[in-house]
Amino acid sequence: MLPLTLLLVGGCAQRQPLYAWGDYEGLLYRSYKQPEKAVEMRLKLEEHITAQEEAKGKVAPGLYAELGTLYFQSGKSDTAVSYYRKEQQAWPESSALMTAMIGAIERRAAGSKP
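The model shown is predicted, which means the values in this text are computed figures rather than measured ones.

**Student:** Go over the pattern of salt bridges with me, naming the residues and quoting the values.
**Tutor:** Pairing is possible between side chains that carry opposite charge, provided their charged atoms lie close to one another. Per the stated rule, a full pass over the model turns up four salt bridges. Ionic pairing is found between Arg30 and Asp23, a salt bridge with its closest N-O pair at 2.8 Å. Note that Lys37 and Glu40 form a salt bridge whose closest N and O atoms lie 3.8 Å from each other. Among the residues examined, Lys37 registers a relative accessible area of 28% and is labelled partly exposed.

**Student:** So what's going on with helix α6 (residues 95-110)? Residues and values would help.
**Tutor:** Taking 1.5 Å of rise per residue, 16 residues should cover 22 Å, and α6 covers 22 Å from first to last C-alpha, within 8% of that figure. Check the buried side of α6 and you find it contacts α4 (63-73) and α5 (77-90). Looking at the residues trailing α6, positive phi occurs at Gly111, about 90°.

**Student:** Go over unusual backbone geometry with me, naming the residues and quoting the values.
**Tutor:** Within the chain, Lys56 stands out as a residue other than glycine whose phi angle is a positive 60°. With respect to the helices and strands, Lys56 occurs in the loop between α3 (38-54) and α4. For Lys56, a relative accessible area of 75% gives the class exposed.

**Student:** Pulling in residues and values, what's your account of the packing of aromatic side chains?
**Tutor:** Overall, the coordinates contain four aromatic pairs when judged by the stated rule. Summarising the aromatic geometry, the rings of Trp21 and Tyr24 are spaced 6.0 Å apart at their centres and angled 35° between planes, so their arrangement reads as tilted. Judged by relative accessible area, which is 16%, Tyr24 ranks as buried. Between the aromatic rings of Tyr71 and Tyr83, the centroid separation amounts to 5.8 Å while the plane-to-plane angle is 5°, which identifies the pairing as stacked. You can see Tyr71 sitting in helix α4 and its partner Tyr83 sitting in helix α5, a full 12 residues away along the chain. There is no split in this pair, since Tyr71 and Tyr83 are both buried. Taken together, Tyr64, Tyr71 and Tyr83 form an aromatic cluster joined through their ring pairs. For the cation-ring pair, Lys58 lies above Trp91, with the distance from its terminal atom to the ring centre recorded as 4.4 Å.

Conventions used here
Residues numbered from 1 in each chain as written. Predicted model: local features only at pLDDT ≥ 70, side-chain atom pairs only at ≥ 80, totals over all residues. Heavy atoms only, no water. Salt bridge = Lys/Arg side-chain N within 4 Å of Asp/Glu carboxyl O. Buried < 20%, exposed > 50% of the residue type's maximum accessible area, 1.4 Å probe, protein only. Helix = DSSP H or I, 4+ residues; strand = E, 2+ residues; numbered from the N terminus. Expected span 1.5 Å × (residues − 1). Contact = heavy atoms within 4.5 Å. Phe/Tyr/Trp six-rings, centres within 6.5 Å; stacked < 30°, edge-to-face > 60°. Lys NZ or Arg CZ within 6 Å of the ring centre and 35° of its normal.

Next up, the structure:
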């Protein structure tokens, strides 16, 4: 009976999240409802990512790419590409999408059509 009790108690224990997302969900919601909040989102994501990197933590999947997209939307393609490359390095499973996005930016910069 004791092993069953331990299993039940252990199963109810709070688990730490695998990744620290910061206020990503709230920032995303606010930026969709109020597009002018995109700058705030970019700054907060930068702060969160920098804190994760300094703490030697793994940045949650998609956050580098999201920040890259925010830079791309503000006309800073080179910075966007650098964040897409970071996403690609941190999360190899995103490689195909990041390669396509980087390629599209590079083609656009070269003046060719997608």
